[in-house]
Amino acid sequence: MLNRGHFLQCAWITAGRMFRLVQGLRYHEIDSPDKVYDSKEDSTCTEEKRRVFWMAYLLDHLFVMRNDWPVTLSEHMICTKLPVPDSDFQGDCLVSGNFISQAITDPASQANSPFNDCLAIVTLCGRGLLRNRHNNISKVYGDDNSDLSEHWRWLEDVLFLKDQIKSRGDTFHPLGTFAQILGQVAEILLCKGVIQKNSNYGQCMLDDCHRRISIATEEIIRLARGLTYLHFSQVCPLMSMPLFAAAEFLYEYRHLKDGAFLQQLQDLVDVLGKLRNQRVKKFIRYYDESGGWSIWNHLELNIAKW
């Protein structure tokens, strides 16, 4: 009899196939100026292709954030515009959207879309994680002079995006809260890149990162606590991924901030335990049975000892 871990493994493989399929179908260049358009294809069909591609892109980047994997769908190879908001799509108002770079540099220029907000956030986070990987490779070749100027710029961009998303207050949409939590997690992971280079930078910069992480974590806990009062249909099914990424960071760096991160970790685990979203609880069990490190079991049993 197949266990749940087998189905989780199949899900990862299926996701990998999806990433390659959207590339093979060239959905990453739907709006390329060199593309030859099919006169028989209507705008609705084209928009559906955009939505398929960007959903694959989001899932790919969530895996990157969650597992520190290399990006499969690189933003530098994309010439497909962002999808229109759901209300416009359902109302057949298919006005051409922005490219991802435009959405990041000028978020106020795009229509209100929690999905596009998520895409902008994971793109910025992906840039930071890619730079961390490049720096680690450079160390192998003896180059340890990494420049954090870009890293800090991406951090500021994430903060700006977070403020934009919060000002919209779209918490009734399942992706609204997801986008807010995702923004906080992106800030934590970008700060993690600075902490990992603490031998090259001053204590003042590290203290600033610790402060940012602490504030972001408190906001994650506040938002996640609000999810405990919702029906599971009102919670994004991908919510477990950013929540686990935050919890794993706090676990890894629980010795910092004189135990403050440890207390925040305990608060976050408590919230996870109260979540009514069965998808989150099932994800925890699946991850544990597939041989991975389980926050649910490991932390709950040992947090009192720390």
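Residues numbered from 1 in each chain as written. Predicted model: local features only at pLDDT ≥ 70, side-chain atom pairs only at ≥ 80, totals over all residues. Heavy atoms only, no water.

An unreviewed UniProt entry annotates the chain as Xylanolytic transcriptional activator regulatory domain-containing protein of Fusarium proliferatum. UniProt's Subcellular location (unreviewed entry) comment on the chain is quoted here verbatim: "Nucleus". (UniProt positions renumbered as here; feature names shortened; annotations may be inferred.)

Visitor: Give me the overall build of the chain: which residues, what numbers.
Guide: Tallying secondary structure elements over the chain gives 12 helices and 0 strands in all. Starting at the N terminus, the α and β elements of the chain follow one another as α-α-α-α-α-α-α-α-α-α-α-α. The buried share among the 306 residues of the chain stands at 47%. Across the chain, every contact between residues at least 6 apart in sequence was considered, and the portion connecting residues at least 24 apart equals 74%. Only carbon and sulfur atoms are counted for the fraction: they give 53% of the accessible area of the chain, which is about 15500 Å². (Helix = DSSP H or I, 4+ residues; strand = E, 2+ residues; numbered from the N terminus. Buried < 20%, exposed > 50% of the residue type's maximum accessible area, 1.4 Å probe, protein only. Contact = heavy atoms within 4.5 Å. Areas by Shrake-Rupley, 256 points an atom, 1.4 Å probe, with all protein chains shown as cover.)

Visitor: Any details on the packing of aromatic side chains? Residues and values, ideally.
Guide: Centre distance and the angle of the planes are the two values used to describe a pair of aromatic rings. All chains considered together, the criterion is met by 7 aromatic pairs. Here W54 and Y57 contribute two aromatic rings whose centre-to-centre distance is 4.9 Å and whose plane-to-plane angle is 75°, an arrangement assigned as edge-to-face. Linking W54 with Y57, this pair stays in helix 2 (residues 43-67), spanning 3 residues, or about one helical turn. With respect to class, W54 is no different from Y57; both count as buried. Note on F63 and W69: the rings are 6.0 Å apart at their centroids and 65° apart in plane angle, and the pair reads as edge-to-face. Residue class for F63 comes out buried when judged on its relative accessible area of 7%. You can call W69 partly exposed: its relative accessible area is 39%. (Phe/Tyr/Trp six-rings, centres within 6.5 Å; stacked < 30°, edge-to-face > 60°.)

Visitor: A description of the pattern of salt bridges should follow, citing residues and the corresponding values.
Guide: One pass over the structure, following the stated rule, counts 12 salt bridges. Between E47 and R50 there is a salt bridge; the shortest N-O distance is 3.0 Å. Here R50 and E47 lie together in helix 2, a separation of 3 residues that amounts to about one turn. R50 shares its class with E47; the two are buried. E248 serves as the salt-bridge partner of R66, at 2.7 Å between the closest nitrogen and oxygen. Note that R66 is positioned in helix 2 and E248 in helix 9 (residues 240-252), a separation of 182 residues in sequence. (Salt bridge = Lys/Arg side-chain N within 4 Å of Asp/Glu carboxyl O.)

Visitor: I'd like a description of the packing of helix 8 (residues 203-227) against helix 10 (residues 260-274), backed by residues and values.
Guide: At their nearest, the axes of helix 8 and helix 10 sit 10 Å apart, and the two run at 15° to each other. Regarding the angle of helix 8 to helix 10, the classification is roughly parallel. Handedness of the crossing formed by helix 8 with helix 10: left-handed. Seen from helix 8, the contacting residues are H210, I213, S214, T217, E218, I220, I221, A224 and R225; seen from helix 10, they are F261, Q264, D267, L268 and V271. Of the residues assigned to the contact of helix 8 with helix 10, the class counts are 7 nonpolar, 4 polar and 3 charged. (Axes fitted to C-alpha atoms, helices over the stretch in contact; angles between N-to-C directions. Parallel < 35°, antiparallel > 145°, perpendicular 65-115°, else oblique. Left-handed = near helix turned anticlockwise from the far one by under 90°. Nonpolar A, V, L, I, M, F, W, Y, C, P; charged D, E, K, R; others polar.)

Visitor: Provide a residue-level description of the confidence of the model for the chain, including the pertinent values.
Guide: When pLDDT is averaged across the chain, the result is 79; 78% of the residues are at 70 or more. Below pLDDT 50 for its whole length, residues 299-306 participates in 15 contacts with residues either more than four positions away or in separate chains. (pLDDT = per-residue confidence, 0-100.)

Visitor: I'd like a rundown of the nonpolar core, residues and numbers included.
Guide: Membership of the largest hydrophobic core comes to 79 residues, with the highest contact counts inside it found for W54, F178 and L243. The element that contributes the greatest number of residues to this core is helix 7 (residues 174-195), accounting for 13 residues. When sequence neighbours within four positions are dropped, the list of residues in contact with F178 reads L62, C118, C236, L238, M239 and P242. (Core = buried A, V, L, I, M, F, W, Y, C linked by side-chain atoms within 4.5 Å.)

Visitor: Explain helix 7 to me, using residue names and the numbers behind them.
Guide: Helix length check: helix 7 (22 residues) gives 32 Å between terminal C-alpha atoms against 32 Å at 1.5 Å per residue, within 8%. Across the 22 residues of helix 7, 21 count as buried, placing the element largely inside the fold. (Expected span 1.5 Å × (residues − 1).)

Visitor: Tell me what's going on with the side chain of T80, and back it up with residues and numbers.
Guide: Structurally, T80 can be placed in the loop between helix 2 and helix 3 (86-90). A polar side-chain atom of T80 sits 3.2 Å from the main-chain amide nitrogen of E29. Of the polar contacts made by the side chain of T80, one reaches the backbone nitrogen of I30; its length is 3.0 Å. Here T80 is in contact with Y27, H28, E29, I30, D31, R50, F53, W54 and F99, once residues within four sequence places are set aside. (Polar contact = N/O pair within 3.5 Å; in protein donor to acceptor, adjacent residues only side chain to side chain.)

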